Amino acid sequence: MTAPQQVTATWAGLPIRADLADRRPYGAPQLDVPVRLNTNENPYPPSAELVAGIAGAVTAAATSLNRYPDRDVTALREVLAGYLGHGLTAANTWAANGSNEVIQQLLQAFGGPGRSALGFEPSYSMHPIISQTTATRWIAADRSGDFGLDTDHAVATVRRHEPDVVFLTSPNNPTGTAASVELIDAVCAVAPGMVVIDEAYAEFARDPGGTALTLLPRYPRLVVVRTMSKAFALAGARLGYLAADPAVVEALQIVRLPYHLSAITQAVALTALRHTDELLATVSAIRAERDRLVTELRAIGLQAADSDTNFVLFGRFADRHAVWQGLLDRGVLIRATGPPTWLRVTVGTATETATFRSELADLVASQPELVLR
Ligand SMILES: *Cc1c(COP(=O)(O)O)cnc(C)c1O
């Protein structure tokens with residue numbers, strides 16, 4: 001594990017872009033503690049069989065590393081389309097180094113100077129950050145009070161701002177709940193530009209049928225972004241992908257770097273996708289653990305938001321930093337994100353989640369003043 005990031009403005013004298021000069025690198029602290037529940041990773045490492053399969057695929061790919069990889073990522077896109085279903089083909093899909101790179105390519109092509117992107121906050125902080133680094137003006141819209149998103153509110157907001165790109169995270173990070181397909185449909189119907197649905201947590205949704213993929217045939221400017229970092233337990237491999245109209249995929253070829261996805265990454269992702277059933281089996285275990293956690297947090301007198309993801313937003317705290325620090329002192333790392341009186345915990349293995357739960361219960365029992373009643 002890397003040490004906590006030392007942030008020093010070493011570039012102070014450099015001619016960095018003025019709009020980046022006061023920025024700091026983004027990222028959750030990576031601290032080496034026994035229970036790490038802060039970045040929504042899947043807690044289950046690959047099986048010995050999958051590790052062996054990946055090793056074999058990497059060995060095979062290594063024999064031709066003198067050559068550039070398949071620039072069009074054809075084999076992988078075909079398998080990803082098959083996984084998504086909904087009649088999608090390779091022409092509808094695109095892949096890159098994590099969904100963050102997919103989002104960056106989308107903003108390079110459809111955002112940029114003089115253009116705007118809109119999101120409903122609190123939501124995934126990389127959407128505004130990548131907007132800023134691509135010189136796309138960010139419009140921070142709000143959600144309704146209960147962290148949900150109201151259809152009329154979303155439609156009116158998009159109508160008012162007419163952004164070039166709308167971001168909707170569903171299920172949402174950090175609040176945890178999914179937007180309905182009806183809401184996404186209504187936003188697509190009024191959005192003047194691209195609509196990007198970030199479905200990083202789709203496989204964890206309580207209604208797995210509630211995906212925006214069903215709307216793709218009707219909206220050629222709709223993009224559904226997915227990742228292998230969460231449900232597929234492959235965060236370290238860096239593989240994100242999208243589904244959209246083939247014209248969108250073609251437009252992205254303008255901004256993608258040639259050979260952006262290494263032969264190693266393509267081989268690893270293809271091998272993992274051959275183990276889809278095994279990898280997704282962890283999803284049902286995590287979902288069950290998540291629902292249990294929500295119930296138990298409520299049982300100790302806390303509020304916990306319903307979740308369609310592999311994390312739970314819970315509160316409310318008079319001083320959330322004190323709770324975050326108190327848990328860290330007990331060897332449990334979670335994330336101080338979301339509305340100011342709430343905290344977010346990733347669902348881990350049954351053992352990790354139980355440790356979190358008992359340390360938290362102990363902490364709030366010994367310092368009840370931390371909890372807002
Ligand atoms: C975790 C997460 C991602 C994943 O990003 P990768 O670059 O694919 O690892 C994307 N979107 C949201 C909303 C997330 O929470």
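No experiment lies behind these values; they were computed from the predicted model shown.

The subject of this paragraph is empty space enclosed by the protein. In this approach, a probe sized like a water molecule rolls over the atoms, and the result shows the empty space that is left. For the coordinates displayed, the defined rule picks out one cavity of 30 Å³ or more. Of the pockets and cavities examined, the largest cavity occupies roughly 60 Å³. Every residue lining the largest cavity is listed: S170, P171, A178, E199, A202, A205, D207, P208, G210 and T211. A breakdown of the residues in the lining of the largest cavity according to their chemical character gives five nonpolar, three polar and two charged.

With that settled, the discussion passes to the packing of helix α1 (residues 48–62) against helix α8 (residues 263–274). Their axes nearest at 9 Å, the elements α1 and α8 cross at an angle of 145°. For the pair α1 and α8, the sense of crossing is right-handed. Residue-level contacts link L50, G53, I54, A57, V58 and A61 of α1 to A263, I264, A267, V268, T271 and A272 of α8. In terms of residue class, the contact of α1 with α8 is built from 10 nonpolar, two polar and no charged.

Here the focus is the domain arrangement of the protein chain. Entries for the protein chain in the domain assignment read domain 1 (28–46 + 277–370) and domain 2 (48–274). Between the C-alpha centres of domain 1 and domain 2 the distance comes to 26 Å. Contact with domain 1, which involves 27 residues of that partner, is made by 27 residues of domain 2. Together, the buried faces of domain 1 and domain 2 total about 2,300 Å²; carbon and sulfur atoms form 62% of this surface.

This part covers the sheet that holds strand β3 (residues 116–121). Strand order in the open sheet formed by seven strands is β2-β8-β7-β6-β5-β3-β4, with mixed pairing between adjacent strands. Strands at the two margins of the open sheet, each flanked by one partner only, are β2 (93–96) and β4 (137–142). Strand after strand, the sheet turns through a mean of 25° between neighbouring axes, direction not considered. Across five bridges, strand β5 (residues 165–169) lies against strand β6 (residues 194–198) in parallel orientation. Within β6, the position partnered with T169 by the bridge is D198.

Calculation criteria
Sequence positions are assigned chain by chain, starting from 1 and proceeding in written order. For a predicted model such as this one, the threshold for reporting local features is a pLDDT of at least 70, and the threshold for listing and counting side-chain atom pairs is 80 or more; totals across whole chains, interfaces and linings nevertheless cover every residue. Excluding hydrogens and water, the side-chain values take into account all heavy atoms of the structure. Points on a 1 Å grid over protein atoms alone make up a cavity when a 1.4 Å probe fits among them but cannot get out, and a pocket when they form an open set with protein on both sides within 12 Å along at least five of seven lines; lining residues each have an atom within 4 Å of a point. Grid points are joined across faces, edges and corners, and a volume is the space filled by probe spheres set on the points. Residues are grouped as follows: Ala, Val, Leu, Ile, Met, Phe, Trp, Tyr, Cys and Pro are nonpolar; Asp, Glu, Lys and Arg are charged; all remaining types, including Gly, are polar. For helices, the fitted axis covers only the stretch in contact; all axes are lines through C-alpha atoms, and the angles between them, taken along N-to-C directions, range from 0 to 180 degrees. Labels follow the DSSP assignment, with helices taken as runs of H or I lasting at least four residues and strands as runs of E lasting at least two, numbered in each case from the N terminus. Note: crossing handedness is left-handed where the near helix turns anticlockwise from the far helix by less than a right angle, and right-handed where it turns clockwise. Contacts were defined at the residue level, with two residues in contact if any of their heavy atoms lie within 4.5 Å. The domain limits used here are those given by an automatic or database domain assignment. Here the buried area means the combined drop in accessible surface, using a 1.4 Å probe, for two parts upon being joined, counting both sides. The rule for pairing is simple: two strands pair if DSSP sees at least two bridges between them.

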